[in-house]
Amino acid sequence: QVQLVESGGGLVQAGDSLRLSCAASGRTFSSYTMGWFRQAPGKEREFVAAIGWGGYSTWYSDSVKGRFTISRDNAKNTVYLQMNSLQPEDTAVYYCARSFARRPARKDDYDYWGQGTQVTVSS
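From a predicted model like this one, the values you see are computed outputs, not experimental measurements.

Considerations on the sheet that holds strand β3 (residues 18-24)
Read across the open sheet, the 4 strands follow the order β1-β3-β8-β7; overall the sheet is antiparallel. This sheet does not close on itself; its edge strands, each paired only once, are β1 (4-7) and β7 (68-73). This sheet shows a mean twist of 15 degrees between the axes of neighbouring strands, independent of strand direction. As defined by bridge partners, β1 adjoins β3 across 4 bridges and the pair is classed as antiparallel.

A closer look at unusual backbone geometry
The backbone of N77 sits at a positive phi, close to 55 degrees, despite the residue not being glycine. One can find N77 in the loop between β7 and β8 (78-83). The class for N77 is buried, based on a relative accessible area of 18%. For S85, which is not glycine, the phi torsion reads 50 degrees and is therefore positive. Inspection of the secondary structure assignment puts S85 in the loop between β8 and β9 (92-99).

As for the pairing of β9
Most of β9 is tucked away, with 7 of its 8 residues classed as buried. Two elements, strand β4 (residues 34-39) and β9, share 6 bridges in a ladder whose sense is antiparallel. Considered in β9, the bridge of R38 is made with Y94. Here 3 bridges tie β9 to strand β11 (residues 117-122), and the two strands are oriented antiparallel to one another. Bridge pairing links A92 to V119 in β11. In this structure, β9 lies alongside strand β10 (residues 110-113), joined through 3 bridges in antiparallel fashion. Paired with S99 across the bridge in β10 is Y110.

Observations concerning the state of the cysteines
A covalent bond between the sulfur atoms of two cysteines is what we call a disulfide. Taken as a whole, this structure holds 1 disulfide when the rule is applied. Note on cysteine connectivity: C22 is disulfide-linked to C96, with sulfurs 2.0 Å apart. Across the S-S bond linking C22 and C96, the dihedral sits near -70 degrees, which makes this disulfide left-handed. Of this pair, C22 sits in strand β3 while C96 is found in strand β9, placing the two residues 74 residues apart along the sequence.

Thoughts on the packing of aromatic side chains
Tallied over the full model, the rule gives 4 aromatic pairs. With 5.9 Å between their ring centres and 50 degrees between their planes, Y110 and W113 make a pair best called tilted. On the basis of relative accessibility, which here comes to 27%, the residue W113 falls in the partly exposed class. Here the aromatic cluster, defined as three or more aromatic residues joined through ring pairs, consists of F37, F47, Y110 and W113. One Lys or Arg, R45, reaches over the ring of Y95 and ends 3.7 Å from the middle of that ring. Just above the ring of Y32 sits the side chain of R98; from NZ or CZ to the centre is 3.8 Å.

So, how was this worked out
Residues numbered from 1 in each chain as written. Predicted model: local features only at pLDDT ≥ 70, side-chain atom pairs only at ≥ 80, totals over all residues. Heavy atoms only, no water. Pairing = 2+ DSSP bridges. Helix = DSSP H or I, 4+ residues; strand = E, 2+ residues; numbered from the N terminus. Axes fitted to C-alpha atoms, helices over the stretch in contact; angles between N-to-C directions. Buried < 20%, exposed > 50% of the residue type's maximum accessible area, 1.4 Å probe, protein only. Disulfide = S-S within 2.5 Å. Phe/Tyr/Trp six-rings, centres within 6.5 Å; stacked < 30°, edge-to-face > 60°. Lys NZ or Arg CZ within 6 Å of the ring centre and 35° of its normal.

Structural data, given as structure tokens:
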């Protein structure tokens, strides 16, 4: 069983930065693409970013490209999301997830999810 635990969320002002972390259990963490998704109240869960197993391939949604950076440390079984220039529209619960397929932006291709961490950006 894989467990994913997110941390690092909080309340910030527009223009501030946050770094989210996702700690994973299990010995096969380094074999999987990992992704971040977010869900705002009343909206569908949407793709934010993903990173390939080796950390060399990354994917971003258009809404965060240039502001957010995903990275991973396989020795620590941890994936990160550095979020800069945060805006009120970034307010959401952020989820970390493990992909089992080859389409990093599709939430149906993720089998394990964390409990989420709240990010609130005030204007």
